[in-house]
Amino acid sequence: IIPVVMAGVLGIYGLIVAVILTQNVAKSDYSHYDGYAHLTAGLCCGLSGLAAGFAIGIVGDAGVRAVGQEPNLFVGLILILIFAEALGLYGLIVALILSQSSQACTNS
């Protein structure tokens, strides 16, 4: 059940980024720079969540089978799952940084 919970946390990361980006879109002076920054933030969070979910799925499948045969491997399984979850967390951090960047673009 631990890999399932960790994969669910990745979905919550995406929800956090979506709420933050939605609040920033309501501005009246929404520039092209802001649009591309928010697109990049969403892609960063989404693709890192995809990679982390893929890693959690592979490690979770192999780890649960291994723990069934050798219970001493449980701590190692948890550590590897935490490292896989860190991929999604790094994507969330970068997405939050990108979502807060802003620059005024002028039409000349």
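Residues numbered from 1 in each chain as written. Predicted model: local features only at pLDDT ≥ 70, side-chain atom pairs only at ≥ 80, totals over all residues. Heavy atoms only, no water.

Visitor: Tell me about the overall build of the protein, and name the residues and values.
Guide: Looking only at helices and strands, the protein has three helices and zero strands in total. Across the protein, helices and strands are ordered from the amino to the carboxyl terminus as α-α-α. Its C-alpha atoms give the protein a radius of gyration of 18 Å, more than 25% over the compact-globule value 13 Å for 108 residues. Projected onto the principal axes, the alpha-carbon positions of the protein cover approximately 70 × 20 × 15 Å. (Helix = DSSP H or I, 4+ residues; strand = E, 2+ residues; numbered from the N terminus. Rg over C-alpha atoms; globule rule 2.2 N^0.38 Å.)

Visitor: Describe the packing of helix H2 (residues 32-69) against helix H3 (residues 74-100), naming the residues involved and giving the relevant values.
Guide: Close contact between H2 and H3 brings their axes to 8 Å; oriented N to C, the two are set at 175 degrees. Accordingly, the angle class assigned to the pair H2 and H3 is roughly antiparallel. Tallied by class, the residues present in the contact of H2 with H3 amount to 19 nonpolar, eight polar and one charged. (Axes fitted to C-alpha atoms, helices over the stretch in contact; angles between N-to-C directions. Parallel < 35°, antiparallel > 145°, perpendicular 65-115°, else oblique. Nonpolar A, V, L, I, M, F, W, Y, C, P; charged D, E, K, R; others polar.)

Visitor: Would you mind going over the nonpolar core in detail, with residue names and values included?
Guide: Of all hydrophobic cores here, the largest spans 15 residues; its most connected members are Leu10, Tyr13, Val17, Cys45, Ile56, Leu81 and Ala95. Every element with two or more residues in this core is listed here: helix H1 (2-25), H2 and H3. (Core = buried A, V, L, I, M, F, W, Y, C linked by side-chain atoms within 4.5 Å. Buried < 20%, exposed > 50% of the residue type's maximum accessible area, 1.4 Å probe, protein only.)

Visitor: Tell me about the side chain of Glu85, and please be specific about residues and values.
Guide: By the secondary structure assignment, Glu85 is in helix H3. Buried within the structure, Glu85 lacks any salt-bridge partner; its nearest side chain of opposite charge belongs to Arg65, at an N-O separation of 19 Å. Excluding residues that lie within four positions of it along the chain, Glu85 makes contacts with Met6, Val9, Leu10, Tyr13 and Ile56. (Lys, Arg positive; Asp, Glu negative; His and termini not counted. Salt bridge = Lys/Arg side-chain N within 4 Å of Asp/Glu carboxyl O. Contact = heavy atoms within 4.5 Å.)

Visitor: Hey, could you go over H3 for me, with residue numbers and the actual values?
Guide: For H3, built from 27 residues, the straight-helix expectation of 39 Å at 1.5 Å per residue is met to within 8% by its first-to-last C-alpha distance of 39 Å. Along H3, the positions that sit buried rather than exposed are Leu77, Leu81, Ala84, Glu85, Ala86, Gly88, Gly91, Leu92, Ala95 and Ser99. Among the structural elements, H1 and H2 are those in contact with the buried residues of H3. (Expected span 1.5 Å × (residues − 1).)

Visitor: Can you break down the pattern of salt bridges residue by residue, with the values?
Guide: For the structure on display, the rule yields one salt bridge. As a salt-bridge pair, Arg65 and Asp61 come within 2.9 Å of each other at their nearest N and O atoms. Of this pair, Arg65 and Asp61 both sit in helix H2, separated by four residues, roughly a single helical turn.

Visitor: Explain the environment of Leu77 to me, using residue names and the numbers behind them.
Guide: Its location among the elements puts Leu77 in helix H3. The sequence separation of Leu77 and Gly57 amounts to 20 residues, and the corresponding C-alpha distance is 12 Å. Excluding residues that lie within four positions of it along the chain, Leu77 makes contacts with Val59, Gly63, Val64 and Val67.

Visitor: Give me the lowdown on H1, citing residues and values where you can.
Guide: End to end, H1 covers 35 Å across 24 residues, agreeing with the expected 34 Å (1.5 Å per residue, within 8%). Restricting attention to buried positions, one finds in H1 the residues Pro3, Met6, Leu10, Tyr13, Val17 and Leu21. Those residues of H1 hidden inside the fold are in contact with H2 and H3.

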